[in-house]
Amino acid sequence: MTRLRISHRTTYDYVRRVSLSYNEARMSPITDPHQVVLESSLTVGPEQAAVETYRDYWGTRVTSFDITSPHDRLAVLAEATVEVHRGRGPGEVDADPVDWDELHGPAAQNRFSDWLPQTPLSGPGDEVIALVRDEVRGLNPHEAAMAVFAWMRGQMSYVPGATHVHSNAEHAWTARKGVCQDLAHLGAGALRSLGIPARYVSGYLHPRPAAGIGEEVVGESHAWVEWWDGAWRAWDPTNTGPVGDLHVVVARGRDYRDVTPLKGILSGGGGSTLAVRVAVTRLA
């Protein structure tokens, strides 16, 4: 078990005054079988914002807020304390995974209908689809998923700035590089092309396992992949390893568009300067 305190601050300084804005934040961790949220808060400035919270279709905790008074800056601070206890890694399987007949059967197709279709961001393109099929020939679904991630490790490089927020998996594959968002899209798209249900996960990562208890470090907003082959399992393509107790889930969806940390519409502004800081402290 690992206990983490997370602070995520996002600030927009506008070139010109904004008269009103309508926003949604997906920055608060969720409680699930692998983690428990002990404390969580999200504060918005200006303080006049009208704030509501709800769960979206995917189970993500959403904070929506409207600011109807003129403002020059928007500041959102999400803070949380989370206990994470993932236990086994994806390669440690208690029971035999399902076979392809069961995975492609009507019951599984219906149950996982949200996680099988490609999206404009996850579609990897015909080249990847053909290559992946060759990589997994003769393997069961669990072995196939692990083979996909091993194949990605030899093909893709993590390169900040090589893509942009609207880049898709096929674009990242053509460049053979990208950031965590791109690698998660490519991983999910490759699995879906085989008929393996896969979902895009966003959250936080404590990047320094050796950091001491109580030591605050600069953390990361991060993205990885979960797939189902008889049970839901998780893999971090960026760090080429299983998701562990230093990963904290915030949101799950089909791709980045379902889990965008902060988005909205506004009137005015004339452009803005964005500043983001994530700090993570291991408490236990």
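For every chain, the first residue of the written sequence is number 1, and numbering continues from 1 onward in sequence order. Owing to the predicted nature of the model, reporting of local features is limited to residues with pLDDT of at least 70; listing and counting of side-chain atom pairs is limited to 80 or more, with chain, interface and lining totals taken over all residues. With hydrogens and water stripped out, all remaining heavy atoms of the structure feed into the side-chain values.

Visitor: I'm lost on the overall build of the chain in this one. Help?
Guide: Scanning the chain for helices and strands turns up 6 helices and 15 strands. For this measure, only C-alpha atoms enter the radius of gyration; the expected value for a globule follows 2.2 Å times N^0.38, where N is the number of residues. For the chain, whose C-alpha radius of gyration is 20 Å, the value lies close to the compact-globule estimate of 19 Å for 284 residues. Principal axes of the C-alpha set define a box for the chain whose edges measure 60 × 40 × 35 Å. For every residue, the accessible area (1.4 Å probe, protein chains only) is compared with the maximum for its type, and the residue is labelled buried under 20%, exposed over 50%, or partly exposed between those bounds. Residue burial in the chain is summarised as follows: out of 284 residues, 50% are buried. Once local pairs closer than 6 in sequence are excluded, the contacts in the chain between residues at least 24 apart make up 76%. Counting from the N terminus, the helices are the DSSP runs of H or I reaching at least four residues and the strands are the DSSP runs of E reaching at least two. Contacts are assigned to residue pairs that have any heavy atoms within 4.5 Å of one another.

Visitor: Just checking my understanding: could you explain the packing of aromatic side chains for this structure?
Guide: Geometrically, a pair of aromatic rings is defined through the distance of the ring centres and the angle of the planes. The rule is short: rings of Phe, Tyr and Trp, with Trp giving its six-membered ring, pair when the centres are within 6.5 Å, and they are stacked under 30 degrees, edge-to-face over 60, tilted in between. Inspection of the entire model under this criterion finds 9 aromatic pairs. A ring pair is formed by Phe149 and Trp227, whose centres lie 5.3 Å apart and whose planes are at 55°; its orientation type is tilted. With a gap of 78 residues between them, Phe149 in helix 4 (residues 141–155) and Trp227 in strand 10 (residues 220–228) connect regions that are remote in the sequence. Judged on exposure class, the residue Phe149 and its partner Trp227 are both buried. Ring-over charges, as used throughout, are those where CZ of Arg or NZ of Lys falls within 6 Å of the ring centre and within 35 degrees of the ring normal. Over the ring of Trp173 we find Arg176, and its NZ or CZ is 3.6 Å from the ring centre. Between Arg199 and the ring centre of Trp115, over which it is positioned, the NZ or CZ distance is 5.8 Å.

Visitor: Help me understand the sheet that holds strand 11 (residues 232–236), please; the structure alone is not making it clear to me.
Guide: Adjacent strands of a sheet form backbone hydrogen bonds with each other and so pair up, either parallel or antiparallel. At least two DSSP bridges between two strands are required for those strands to pair. One open sheet holds the 5 strands; their spatial order is 12-11-10-8-13, and the pairing between them is antiparallel. The open sheet has two free edges, formed respectively by strand 12 (241–242) and strand 13 (247–253), since each of these has just one partner strand. Pairing of strand 10 with strand 11, which is carried by 4 bridges, proceeds in the antiparallel orientation. Across the sheet, the residue bridging to Trp227 is Arg233, located in strand 11. Contacting strand 10 and strand 11, helix 4 runs over the sheet at an angle of about 145° to strand 10. Of the strands in this sheet, strand 8 (198–205), strand 10 and strand 13 are in contact with helix 6 (residues 180–193), which crosses strand 10 at around 5°. Lines fitted to C-alpha atoms define the axes, with helix axes restricted to the stretch in contact, and inter-axis angles between N-to-C directions lie between 0 and 180 degrees.

Visitor: I tried to follow unusual backbone geometry on my own but got confused; where do I start?
Guide: Here Gly45 and Pro46 are connected by a cis peptide whose omega angle stands at 10°. Checked against the element boundaries, Pro46 lands in the loop between strand 2 (35–45) and strand 3 (50–55). The backbone phi angle of Arg176 is positive, close to 60°, even though this residue is not glycine. With respect to the helices, strands and loops of the structure, Arg176 is situated in the loop between helix 5 (169–175) and strand 7 (177–178). The phi torsion at Thr240 lies on the positive side, around 45°, for a residue other than glycine. For Thr240, the position within the fold is in the loop between strand 11 and strand 12. By relative accessible area, which is 36% here, Thr240 ends up partly exposed.

Visitor: Could you clarify how one ought to interpret the side chain of His185 in this entry?
Guide: Turning to its location among the elements, His185 is positioned in helix 6. If we skip the residues at most four places from it in the chain, His185 touches Leu121, Ser122, Ser167, Ala169, Tyr200, Asp255 and Tyr256.

Visitor: Explain the pattern of salt bridges here, please?
Guide: When their charged atoms lie close together, side chains carrying opposite charge are able to pair. The working definition used for a salt bridge is a side-chain nitrogen of Lys or Arg within 4 Å of a carboxyl oxygen of Asp or Glu. Taken as a whole and assessed by the stated rule, the structure comprises 15 salt bridges. With a shortest N-O distance of 2.8 Å, Asp13 and Arg73 are connected by a salt bridge. A residue pair is termed long-range when its members are at least 10 positions apart, and Asp13 in strand 1 (residues 2–25) and Arg73 in strand 5 (residues 71–84) qualify at 60 residues. By relative accessible area, Asp13 is classed as partly exposed at 31%. Given a relative accessible area of 46%, Arg73 falls into the partly exposed group. Across the pair Asp229 and Arg233 runs a salt bridge, and its minimum N-O distance is 2.7 Å. Like Asp229, the residue Arg233 is buried in the burial classification. Through salt bridges with shared partners, a single ionic network connects Asp32, Arg199, Glu226 and Arg252.

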